[in-house]
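Residue strings, one per chain:
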Amino acid sequence: MRSILGLRAVLSTALIVSAVCIGCRAETRLNIPAPETDATLAAKSGKQTAVFAGGCFWGTQSVFERVKGVVDTTAGYSGGSAATATYEQVGQENTGHAESVKVVFDPSKITYGKLLQIFFSVVHDPTQLNRQGPDVGTSYRSVIFYANEEQHKISAAYIAQLDAAKVFPKPIVTQVTPLKGFYDAESYHQDYALYHPDNKYILVCDKPKVEALKAQFPELFKEYKGK
């Protein structure tokens, strides 16, 4: 159902109207609480890795690369095998992969829990099952791929916290899954939103997420010019 110029690059008018509702939702989703269970800021600078899947990886990357404390981001695939980690194969929706973003962050500047708060606040709608807006399929599912037991504990506790507080109108469907592998996406996907700012999909679905990040987390927002 998609190619590099498929659904996302040539959205119909009907899909654009639908996506506006989804894209703007992040801007109005205010006051999502911070995790009650979180790591403390590290005493020394370092690098840790988090992997999130929240729909199209263009938008997920465009948010996290603008977060202070994030050192690097990479769009890619997680959940399946190396042999099927290509855009065309993942698009068949039978590989087990989800479009994902690897986030390398400095734990002395930002906590894993704060990244989760951003993920649930402005990156995506965690109540949508196997889709995000106009993008439909298991490759667009919501997943936290945890790298260690601490990330597992913080993620599970945060989802329970948000569900208990009924922050969202429906239950969260985000999967919490051990990270078994991450495979870089093709080069043309890296920083796609940055280099294609006039693409209709980017304008409708991803630009509002960046604006929401700046509005809701101004103390964490940084400008991004590319690698």
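Structural data are supplied above this passage.
A. Quick peek at the sheet that holds strand E2 (residues 70-78). Strands sit in the order E7-E6-E1-E3-E2-E8 across an open sheet of six strands; the sheet is mixed. Edge positions in the open sheet fall to strand E7 (175-178) and strand E8 (182-184), since each of these has one partner strand only. Mean inter-strand twist for the sheet, computed between neighbouring axes without regard to direction, equals 35 degrees. Pairing analysis gives five bridges linking strand E1 (residues 48-54) to strand E3 (residues 98-105), with the strands arranged antiparallel. Bridge assignment links Ala-50 to a residue of E3, and that residue is Val-103. Sitting on the sheet, helix H2 (residues 57-64) touches E1, E2 and E3, and the angle it makes with E2 is about 170 degrees. Against the sheet, helix H5 (residues 149-164) makes contact with E1, strand E6 (142-146) and E7, and its axis sits at roughly 150 degrees relative to E6, the strand it touches most.

B. Molecular detail of helix H4 (residues 112-123). Summarising burial for H4: eleven of the twelve residues are buried, a large majority. For H4, every residue scored as buried is listed here: Tyr-112, Gly-113, Leu-115, Leu-116, Gln-117, Ile-118, Phe-119, Phe-120, Ser-121, Val-122 and Val-123.

C. Representation of the packing of H2 against H4. Interhelical geometry of H2 versus H4 gives an angle of 130 degrees and a closest axis separation of 11 Å. Classified by the angle their axes make, H2 and H4 are oblique. Classified by chirality, the crossing of H4 by H2 is right-handed. Judged by residue contacts, Thr-60, Val-63 and Phe-64 of H2 engage Leu-115, Ile-118, Phe-119, Val-122 and Val-123 from H4. Its residues assigned to classes, the contact of H2 with H4 comprises seven nonpolar, one polar and no charged.

D. Broad picture of the packing of aromatic side chains. Following the criterion strictly, the structure yields eight aromatic pairs and no others. Each ring, one from Phe-52 and one from Tyr-112, has its centre 6.1 Å from the other, and the planes form 20 degrees; the classification is stacked. Here Phe-52 is found in strand E1, whereas its partner Tyr-112 is found in helix H4, with 60 residues between them in sequence. Aromatic rings pair up to connect Phe-52, Phe-64, Tyr-112, Phe-119, Phe-120 and Tyr-158 into one cluster.

E. Region of interest: the pairing of E7. Sheet topology places E6 next to E7; four bridges connect them, and they run parallel. By the bridge assignment, Val-143 is partnered in E7 with Gln-175. The handedness of the E6 to E7 crossover, carried by H5, is right-handed.

F. A look at the environment of Val-176. Mapped onto the elements of the fold, Val-176 is located in strand E7. The contact partners of Val-176, leaving out residues within four places of it in the chain, are Ile-144, Tyr-146, His-152, Ser-155 and Ile-159.

Criteria and cut-off values
Residues numbered from 1 in each chain as written. Predicted model: local features only at pLDDT ≥ 70, side-chain atom pairs only at ≥ 80, totals over all residues. Heavy atoms only, no water. Pairing = 2+ DSSP bridges. Helix = DSSP H or I, 4+ residues; strand = E, 2+ residues; numbered from the N terminus. Axes fitted to C-alpha atoms, helices over the stretch in contact; angles between N-to-C directions. Contact = heavy atoms within 4.5 Å. Buried < 20%, exposed > 50% of the residue type's maximum accessible area, 1.4 Å probe, protein only. Parallel < 35°, antiparallel > 145°, perpendicular 65-115°, else oblique. Left-handed = near helix turned anticlockwise from the far one by under 90°. Nonpolar A, V, L, I, M, F, W, Y, C, P; charged D, E, K, R; others polar. Phe/Tyr/Trp six-rings, centres within 6.5 Å; stacked < 30°, edge-to-face > 60°. Right-handed = clockwise from strand over helix to strand, strands pointing away.

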